[in-house]
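# Structural overview
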Amino acid sequence: MKGVDVIVGLQWGDEGKGKISYVLSKQADAVVRFQGGANAGHTVKIGETRYKFNMLPAGCLAGPRPVIAAGCLLDPEAFEREIKLITSLGVKHKPLVSESTHIILPHHRELDGRIEELRGSEAVGTTRRGIGPAYADKMLRVGIRAGETTDPQLIQSKTQLLQKLHGIDFSVDAEKLRQTISPFVGNVETYLNTVLESGGRVVLEGAQGTLLDIDHGTYPYVTSSNTLAANGFVSTGVAVKWKHSVIGVMKAYATRVGAGPFPTELDGDVAERIREVGGEYGTTTGRPRRVGWLDIPALRYACMVNGVDEIAVTKVDVLNGLSTVKACVGYVVNGVETESFTDCLMMLDDVKPVYVEFPGWSVGDDDWHAAVRNGWDDLPPNAREYLEWVEKTLHVKISLVSVGEEAGLTVQRT
Ligand code: IMO
Ligand code: MG
């Protein structure tokens, strides 16, 4: 499709957005990160090799031009590392960084750690990549932007202001920033709207997930940006008039890394098994992820606020071998049962999930490969019934199912 594909996470991040972006970027002209910084960890496995991205959109390995939009935070070290990576892989397009993208500086990381320590038992469990403090400096209108890296003197004088403001002594290598960032800087708004004007296709690769949205998530246990699809337009300057489709990515179960409410969280053997089989350890920080069953009220909310047109379900293979698979269809709160996520958003810690159960599936690699070759109808029957129930209960079509980590292990529904 010409126009815009917006890829967003429907849970707490780590839904597999990197792989889906790679799959959907094959026909695209540009693929864009539109929020967050190096807190994201997007992985694509091609053949036997895993490629990990914290900063550039993972979809760029499929061919389109990688773009970092104004609403992102640019982490200079991660950016430099990934520029080297894509250069070594022969990615032919030069990345484009918005002149308005704010840069993460050393004091942002230091403040991130300090705030977490001050919060003590209420710590958010951030990735400590300086995300919250860098967005705060942006809103205070004291941040340093990518477009300013051409002028080392300006960077030095702005650094002095930041040192005074925060009472932190840190140094910035302005010359290094000039060398590593300024060659990639340009106007993203004009570039993307021109691509669309000439009939091109743009993929907007979201980071984190809906429930980590600063306004619409489980505040304060959230990230510091808007993760919703609408922010894909605000942060890039892509006009909302362009034809677009919102693709929501969800796992066949749920995970969360960091603190905050997680009504369907599991512990014990099943959690351990899913964590090991699914490799549920943070790409950015290596932390073990918390694991749980699907939360339908939360997913229904995520589909609503993003305006999801199609769903991609990932890691269906990870549930292989479980005798029973569960999904939460409602909550009991103060003795009353409800299916409404928004009724419970302020007290998610106190809800008790109501589950429905499904018979599991236990198949071999060949069965997944057959589904990849032959399509949806060849999915293991119990897995297919589970997915058909999910789309019926969410009222959104599942258009893509990932049945293994490798990029090709994808069932596209026609
Ligand atoms: P991708 O793009 C999962 C979580 C952190 C913490 C909270 C705030 O790979 O899905 P921050 O460092 O952003 O201030 O931390 O958000 N978090 C993520 N969890 N996937 C991510 O990115 C995340 N990025 C941040 O664990 O709870
Ligand atoms: Mg991730």
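Up top you'll find the structure we're talking about.
Cut-off values and rules
Residues numbered from 1 in each chain as written. Chains lettered and ligands numbered in written order. Predicted model: local features only at pLDDT ≥ 70, side-chain atom pairs only at ≥ 80, totals over all residues. Heavy atoms only, no water. Donors = N, O, S within 2.8 Å, 3.2 Å for Na, K, Ca; no water. Helix = DSSP H or I, 4+ residues; strand = E, 2+ residues; numbered from the N terminus. Buried < 20%, exposed > 50% of the residue type's maximum accessible area, 1.4 Å probe, protein only. 1 Å grid on protein atoms, 1.4 Å probe; cavity = no way out; pocket = protein on both sides within 12 Å on 5 of 7 lines; lining within 4 Å. Points joined across faces, edges and corners; volume = space filled by probe spheres on them. Nonpolar A, V, L, I, M, F, W, Y, C, P; charged D, E, K, R; others polar. Domains from an automatic or database assignment. Pairing = 2+ DSSP bridges. Near = heavy atom within 4 Å. Polar contact = N/O pair within 3.5 Å; in protein donor to acceptor, adjacent residues only side chain to side chain. Areas by Shrake-Rupley, 256 points an atom, 1.4 Å probe, with all protein chains shown as cover. Phe/Tyr/Trp six-rings, centres within 6.5 Å; stacked < 30°, edge-to-face > 60°. Lys NZ or Arg CZ within 6 Å of the ring centre and 35° of its normal. Arc of directions from axis to C-beta. Lys, Arg positive; Asp, Glu negative; His and termini not counted. Salt bridge = Lys/Arg side-chain N within 4 Å of Asp/Glu carboxyl O. Contact = heavy atoms within 4.5 Å. Axes fitted to C-alpha atoms, helices over the stretch in contact; angles between N-to-C directions. Parallel < 35°, antiparallel > 145°, perpendicular 65-115°, else oblique. Left-handed = near helix turned anticlockwise from the far one by under 90°.

Further remarks concern the coordination of the magnesium ion (ligand 2). The coordination sphere of the magnesium ion (ligand 2), as far as protein atoms go, consists of Asp14 (OD) and Gly41 (O), spread over 2.1 to 2.4 Å. Highlighted residues: aspartate 14 in the loop between strand 1 (3–9) and helix 1 (17–24) and glycine 41 in the loop between strand 2 (30–33) and strand 3 (42–46), separated in sequence by 27 residues. Classification of glycine 41 by relative accessible area gives buried; the value is 14%.

This part takes up empty space enclosed by the protein. Here the structure, examined in full by the defined rule, presents one cavity of 30 Å³ or more. In this model, the largest cavity occupies a volume close to 40 Å³. Along the lines of polarity and charge, the residues of the lining of the largest cavity split into six nonpolar, one polar and one charged. Both of domain 1 (3–97 + 186–247) and domain 3 (250–412) provide at least three residues apiece to the lining of the largest cavity.

Before going further, it helps to examine the pairing of strand 3. Of the pairings in the sheet, the one linking strand 3 to strand 4 (residues 49–53) comprises five bridges and is antiparallel in character. Across the sheet, valine 44 pairs through a bridge with tyrosine 51, a residue of strand 4. The turn linking strand 3 back onto strand 4 is made up of two residues, and glycine 47 within it adopts a positive phi angle of 60°.

The subject of this paragraph is the sheet that holds strand 10 (residues 201–205). Within the open sheet, the 10 strands sit side by side as 9-7-5-2-10-1-11-15-19-20. Their pairing is mixed. Two strands lie at the open edges of the sheet, namely strand 9 (185–186) and strand 20 (410–412), each paired on one side alone. Of the strand pairs in this sheet, strand 15 (residues 310–314) and strand 19 (residues 397–402) are connected by four bridges, and their pairing is parallel. Bridged to glutamate 310 within strand 19 is lysine 397.

To continue, consider the site of ligand 1. Around ligand 1, 21 residues are found, and the nearest of them are Asp14, Lys17, His42, Thr127 and Thr223. Separating an oxygen atom of ligand 1 from a side-chain N or O atom of lysine 17 is a distance of 2.7 Å. With respect to ligand 1, the side chain of asparagine 39 contributes an N or O atom lying 2.9 Å from an oxygen atom. Protein contact buries 98% of the 550 Å² of open area that ligand 1 shows by itself.

This paragraph deals with the packing of aromatic side chains. A full pass over the atoms with the stated rule returns six aromatic pairs. An aromatic cluster of at least three residues, connected via ring pairs, comprises Phe358, Trp361, Tyr386 and Trp389. For arginine 65, the ring lying beneath its charged end belongs to tyrosine 191, and the centroid distance is 4.9 Å. Directly above the aromatic system of tyrosine 355 lies the positively charged group of lysine 326, at a separation of 5.6 Å from the ring centroid.

Let us now look at helix 7 (residues 188–197). An α-helical segment advances 3.6 residues per turn. Residues three or four places apart therefore align on the same side. Those residues of helix 7 that sit buried are Val188, Leu192, Asn193, Val195 and Leu196. Here the buried residues of helix 7 occupy an arc of 155° about the axis, which is enough to place them on one side. You can read the cap of helix 7 off the contacts: a side-chain oxygen lies 3.3 Å from the backbone nitrogen of glutamate 189, and it is on asparagine 187.

Let us look at the layout of surface pockets. Counted as a void, the largest pocket has a volume near 710 Å³. Forming the walls of the largest pocket are 38 residues, and the residues nearest its centre are Val124, Thr126, Thr127, Val222 and Thr223. Here the lining of the largest pocket is built from residues that sort into 15 nonpolar, 16 polar and seven charged. By volume, the second largest pocket is sized at about 580 Å³. Taken together, 27 residues make up the lining of the second largest pocket; nearest its centre are Thr43, Gly278, Arg289, Lys315 and Glu405. Elements supplying a minimum of two residues to the lining of the second largest pocket: helix 1, strand 3, strand 4 and helix 9 (269–278). The residue inventory of the lining of the second largest pocket, partitioned by class, reads four nonpolar, 12 polar and 11 charged. Residue-level mapping places the lining of the second largest pocket at the junction of two domains, with at least three residues from each of domain 1 (3–97 + 186–247) and domain 3 (250–412).

Let's shift gears to the side chain of glutamate 116. Tracing the sequence through the fold places glutamate 116 in helix 3 (residues 106–119). No salt bridge is formed by the buried glutamate 116, whose closest oppositely charged neighbour, arginine 119, lies at an N-O distance of 4.7 Å. For glutamate 116, the side chain forms a polar contact with the main-chain nitrogen of threonine 126, separated by 3.0 Å. If we ignore the near neighbours within four places in the chain, the residues touching glutamate 116 are Ala123, Val124, Gly125, Thr126 and Arg128.

A cis amide bond, omega 5°, links tyrosine 219 with the succeeding residue proline 220. Positionally, proline 220 belongs in the loop between strand 10 and helix 8 (229–236). In this model, aspartate 14 sits at a positive phi of 60°, which is unusual for a non-glycine residue. Taking the relative accessible area as the measure of exposure, aspartate 14 reaches 23% and is therefore partly exposed. Positive phi, normally seen in glycine, also occurs at arginine 128, with a value near 60°. In this fold, arginine 128 is placed in the loop between helix 3 and helix 4 (131–139).

A separate point is the packing of helix 10 (residues 296–306) against helix 13 (residues 381–394). The interhelical angle for the contact between helix 10 and helix 13, taken along N-to-C directions, is 55°, at an axis separation of 10 Å. The angle between the axes of helix 10 and helix 13 places the two elements in the oblique class. At the point where helix 10 passes helix 13, the crossing takes the right-handed sense. Contact residues: helix 10 offers Ile296, Leu299, Arg300 and Cys303, while helix 13 offers Trp389, Thr393 and Leu394. Its residues placed into classes, the contact of helix 10 with helix 13 shows five nonpolar, one polar and one charged.

By themselves, these figures tell us nothing about what the structure is for.
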